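Observations on the three-dimensional arrangement
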Amino acid sequence: MVLTPITYFDVRSQKQCATNKKLVAEKPYARFFQDDMQVPLAMAKALQHGQMPRAQTLTPSLADIKTFLSDPRRFPDAGYAVLEGPTAYVQTRHEMPGVTSEMFKWWFLWHPIEKQRYMLWFPYAHVENYVEDPRRLADESLSYEQRLYHNPNTIGEYIGPSTLNAILHFSDPTELGCDATTLKRAGFTASASAWSAPCAAPDITFTLMLHLGREADNGLELFNRYWIGAHPELKRFPGGEKAPSFLKKMGLDQTGIENIAYEMAVHDMTEFSHLASVLPRIYGQFGPAC
Ligand code: ZN
C-alpha cells in the first residue's frame, strides 16, 4: 500500500493541533500523539474527481444494506456522493495492517473515557468526546455490547471547515438495519456503528454510520458507510422524519451537502489511516493484557 502525507490543514486545524498537543502532553500516552499523518495514495486520488457514479452508491434502506453486506468488496474502495434528501454519502474500505477485531473494539471502549485519547486519533480535528455513562463504558465485567451500546457518546470535531457536534448512539448493527445472517456470512467480527443526532437537536436523527470490520490476511479490513442528512430511509430512526426541516434551518442545500460528503470522506480517510498506524502500539501498552 503506497502512502502519501496529508499536506493541507486549514489554519483552524493547525491551531487545534497545537492546543491538543498541550492537552495530551501530561498524559501517559503522550508519545502516541503523532501529527504526521499519512493516507493511502489510491484512496486520496479516488476522492479528487467529484462524486462517484450513482449506480455504485447505496441508500440506507434495508435492501441496499443487505446488498452491500452480501458482497462488500463489490463496491469501490472510496467515494462520495449526494443522494436523495439531500444526503451526504461516503463509502470507504480500509486495510488496517496489524489491527485485530479485539483492538478495534477496545479502542471504542477506551478512547471516550478522556477527550485527550480521542485527540490521538485525529490530532488536527478532534476536540471533544464523552459518554453519558463512563463507568459502564469502563466496566470490564461487562461485554463490549453492554459497555458501548445505548451509552450516548457526545463528540465535537472538525469536518473540513464545518464543526460537527453530535451525539452518537452506538447500537448493535442488526438494530441499524444489518441482517444478522448476512453479517455473519460476510465474516464481520467487529462493529462500531451508530445513528446520530446533532447536539443542537438531539431528538432528530440525521446520520447513520456503519463501521464493520473483519479479519483479513494481515490485519483488519474495515468497511465504512455514512449517510448524513435527510434521507427518507432515516425515518426508521428516532426523529428521522424531522431531518428535512432541520437541514433547511441549518441552510444546508445541495451544494452544502456535497461539500460535507467530500470533507467527511477526507476526514474518514485520514482518521482511520492514522488509527491503523498507532492503534497496535497503543493497545500494546494500554490494552487489557497490560
Ligand atoms: Zn473524526
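Anyway, here's the lowdown on the structure attached to this text. None of these values were measured; they are calculated from a predicted model.

Before going further, it helps to examine the coordination of the zinc ion. Only His 126 (NE2), Glu 157 (OE), His 267 (NE2) and Glu 271 (OE) from the protein coordinate the zinc ion, and they sit 2.0 to 2.1 Å from it. Counting gaps between the donor residues of the zinc ion yields the pattern H-x30-E-x109-H-x3-E. Within this pair, His 267 and its partner Glu 271 are both found in helix H10 (residues 254-286), separated by four residues, close to a single helical turn. Per residue, the accessibility class of His 267 equals that of Glu 271, and both read buried.

A few words now on the side chain of Asn 151. Along the chain, Asn 151 falls in the loop between helix H7 (144-148) and strand E6 (153-159). A distance of 3.2 Å separates a polar atom in the side chain of Asn 151 from the backbone oxygen of Arg 147. Filtering out sequence-adjacent residues up to four positions away, Asn 151 remains in contact with Val 131, Glu 132, Asp 133, Arg 136 and Leu 137.

Before going further, it helps to spend a moment on helix H4 (residues 101-110). Structural remark: α-helix, 3.6 residues per turn; residues separated by three or four positions point the same way. Among the 10 residues that make up H4, nine are buried, leaving the element largely enclosed by the rest of the structure. Within the sequence span of H4, burial applies to Ser 101, Met 103, Phe 104, Lys 105, Trp 106, Trp 107, Phe 108, Leu 109 and Trp 110.

Mapped onto the elements, Glu 157 comes out in strand E6. Side-chain polar atoms of Glu 157 contact the side chain of Tyr 118, separated by 3.2 Å. If sequence neighbours within four positions are ignored, Glu 157 has contacts with Tyr 118, Ala 125, His 126, Val 127, Ser 162, Thr 163, Leu 164, His 267 and Glu 271.

The buried fraction of strand E9 (residues 194-198) is high, at five of five residues. Here E9 shows two buried faces, one formed by Ala 194, Ser 196 and Pro 198 and the other by Trp 195 and Ala 197. Relative to E9, strand E7 (residues 162-170) is paired through five bridges, and the arrangement is antiparallel. Bridged to Phe 170 within E9 is Ala 194.

Turning to the nonpolar core, a few remarks are in order. Grouped together as the largest cluster of nonpolar side chains are 71 residues, with contacts concentrated most on Phe 104, Trp 107, Phe 108, Leu 120 and Phe 170. No other element matches the 13 residues that H10 contributes to this core. Setting aside its immediate chain neighbours within four residues, Phe 104 contacts Val 99, Ala 190, Ala 192, His 211, Leu 220, Leu 222, Phe 272 and Leu 279. Counting residues in each nonpolar core, the second largest holds 22 residues, with Leu 58, Leu 183, Trp 195 and Leu 208 among its members.

Quick look at the pattern of salt bridges now. Taken as a whole and assessed by the stated rule, the structure comprises 11 salt bridges. When salt bridges that share partners are traced, they join Arg 73, Asp 77, Arg 93, Glu 95, Arg 214 and Glu 221 into one network.

So, about the packing of H4 against H10. Close contact between H4 and H10 brings their axes to 10 Å; oriented N to C, the two are set at 85°. Considering the angle they form, H4 stands roughly perpendicular to H10. Packed against H4, whose contacting residues are Glu 102, Met 103, Phe 104, Trp 106, Trp 107 and Trp 110, the element H10 presents Phe 272, Leu 275, Leu 279, Pro 280, Ile 282, Tyr 283 and Phe 286 at the interface. A per-class count over the contact of H4 with H10 returns 12 nonpolar, no polar and one charged.

In terms of burial, strand E10 (residues 207-216) is largely enclosed, as eight of its 10 residues are buried. Here E10 pairs with strand E11 (residues 219-229) via 10 bridges, running antiparallel. Following the sheet pairing, Ala 216 is matched in E11 by Gly 219.

The linkage connecting Gly 85 with the following residue, Pro 86, adopts the cis geometry, with an omega of -5°. Examined against the element boundaries, Pro 86 turns out to sit in the loop between strand E3 (78-83) and strand E4 (87-97). Even without a glycine there, the phi angle at His 150 is positive, about 55°. The residue His 150 is located in the loop between H7 and E6 in this model. According to the relative accessible area criterion, His 150 is partly exposed, its value standing at 46%.

Cut-offs applied
- Residues numbered from 1 in each chain as written.
- Predicted model: local features only at pLDDT ≥ 70, side-chain atom pairs only at ≥ 80, totals over all residues.
- Heavy atoms only, no water.
- Donors = N, O, S within 2.8 Å, 3.2 Å for Na, K, Ca; no water.
- Helix = DSSP H or I, 4+ residues; strand = E, 2+ residues; numbered from the N terminus.
- Buried < 20%, exposed > 50% of the residue type's maximum accessible area, 1.4 Å probe, protein only.
- Polar contact = N/O pair within 3.5 Å; in protein donor to acceptor, adjacent residues only side chain to side chain.
- Contact = heavy atoms within 4.5 Å.
- Pairing = 2+ DSSP bridges.
- Core = buried A, V, L, I, M, F, W, Y, C linked by side-chain atoms within 4.5 Å.
- Salt bridge = Lys/Arg side-chain N within 4 Å of Asp/Glu carboxyl O.
- Axes fitted to C-alpha atoms, helices over the stretch in contact; angles between N-to-C directions.
- Parallel < 35°, antiparallel > 145°, perpendicular 65-115°, else oblique.
- Nonpolar A, V, L, I, M, F, W, Y, C, P; charged D, E, K, R; others polar.

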